[in-house]
Amino acid sequence: MYKTFIIATLTAGFSATASAADNATEKISATAQYDFILGDWDIEAATMQQDRSLLEGSGVMSVYAIHDGQTLQADLQVQFVNETGFIGSTMRTYDACNENWAVSWVPAGAQANAGGTAVWQDDRMVETWPSAKDQFGEYRTTLTLFDITENRFVVSMDHHYVDGPTIEGVWRYVATRRDEADIAQD
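Residues numbered from 1 in each chain as written. Predicted model: local features only at pLDDT ≥ 70, side-chain atom pairs only at ≥ 80, totals over all residues. Heavy atoms only, no water.

### Focus: the overall build of the protein chain
Move 1: Scanning the protein chain from N- to C-terminus turns up 3 helices and 10 strands.
Move 2: When the elements of the protein chain are put in sequence order from the N terminus, they spell out α-α-β-β-β-β-β-β-β-β-β-β-α.
Move 3: Looking at the protein chain residue by residue over its 186 residues, the buried ones come to 38%.
Move 4: Of the roughly 10,900 Å² of accessible surface on the protein chain, a fraction of 50% belongs to carbon and sulfur atoms. (Helix = DSSP H or I, 4+ residues; strand = E, 2+ residues; numbered from the N terminus. Buried < 20%, exposed > 50% of the residue type's maximum accessible area, 1.4 Å probe, protein only. Areas by Shrake-Rupley, 256 points an atom, 1.4 Å probe, with all protein chains shown as cover.)

Here it is, written out as C-alpha cells:
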C-alpha cells in the first residue's frame, strides 16, 4: 500500500510521454528509484574502527513517506556489540530540476549532515556526499545501495581519498524486510 501511495503521489509532478513499448526498455523512473526501501527492516551492520577492524551491530530501520509523499524518511537505530550505537534519520527528496535526490542525515543529538545527492546507476542507488577531511587527508564519501530485492538490500559507505586509496565498507549493513509478526512484537 505504501509503495502505491508513494508512486501515485510522486508521479503527480512528472509527465509520462513514453509509449508502452518504450516503458519496457526505459531505465527505472525517478519516482520508483527508492520505492524498494519503504517499509520496516532488520539491520545487520558493521562500522570500521581506527585500526580498520570491524565493529558489528544490529538494529532496525523504518522508512516511510512524509511531506505529502515528496520525501522519504528513514529512521535508523543501531547498537554495536560494545554497547555503543546511534539513532538518526535520513531524509531523501527528489529534485526534479536536477534529476537527482537531495539527501541529508540527521543523527539524534548532533548536527545534520546535509548536501548529499543520489542517482540511480547500474542497478544501484549511489549517494555522494560533500568532501571531508580526516587524519589521512581529504576524501569524498559514497553510500551505495545494491543487491536490491523486494525483501533485502545491501549498503556500503566508501571513502575515496583525493591523494590516496579508496577504503570500502567504512559503514555497511544488510537490510532484511521485517515480518508483520516481528513488528507486532515490538
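### Here we look at the confidence of the model for the protein chain
Move 1: Confidence along the protein chain averages 84 in pLDDT terms, with 81% of residues attaining 70 or more.
Move 2: Predicted confidence is poor over residues 1–26, with pLDDT under 50, and the contacts of this stretch with residues over four places away or in other chains come to 25 contacts. (pLDDT = per-residue confidence, 0-100. Contact = heavy atoms within 4.5 Å.)

### With respect to the sheet that holds strand 2 (residues 54–66)
Move 1: Spatial strand order, 1-2-3-4-5-6-7-8-9-10: 10 strands in a closed barrel with antiparallel pairing. Averaged over all pairs of adjacent strands, the angle between their axes in this sheet comes to 25°, without regard to strand direction.
Move 2: Across 8 bridges, strand 4 (residues 85–95) lies against strand 5 (residues 100–107) in antiparallel orientation. Considered in strand 5, the bridge of Ser 89 is made with Val 106. (Pairing = 2+ DSSP bridges. Axes fitted to C-alpha atoms, helices over the stretch in contact; angles between N-to-C directions.)

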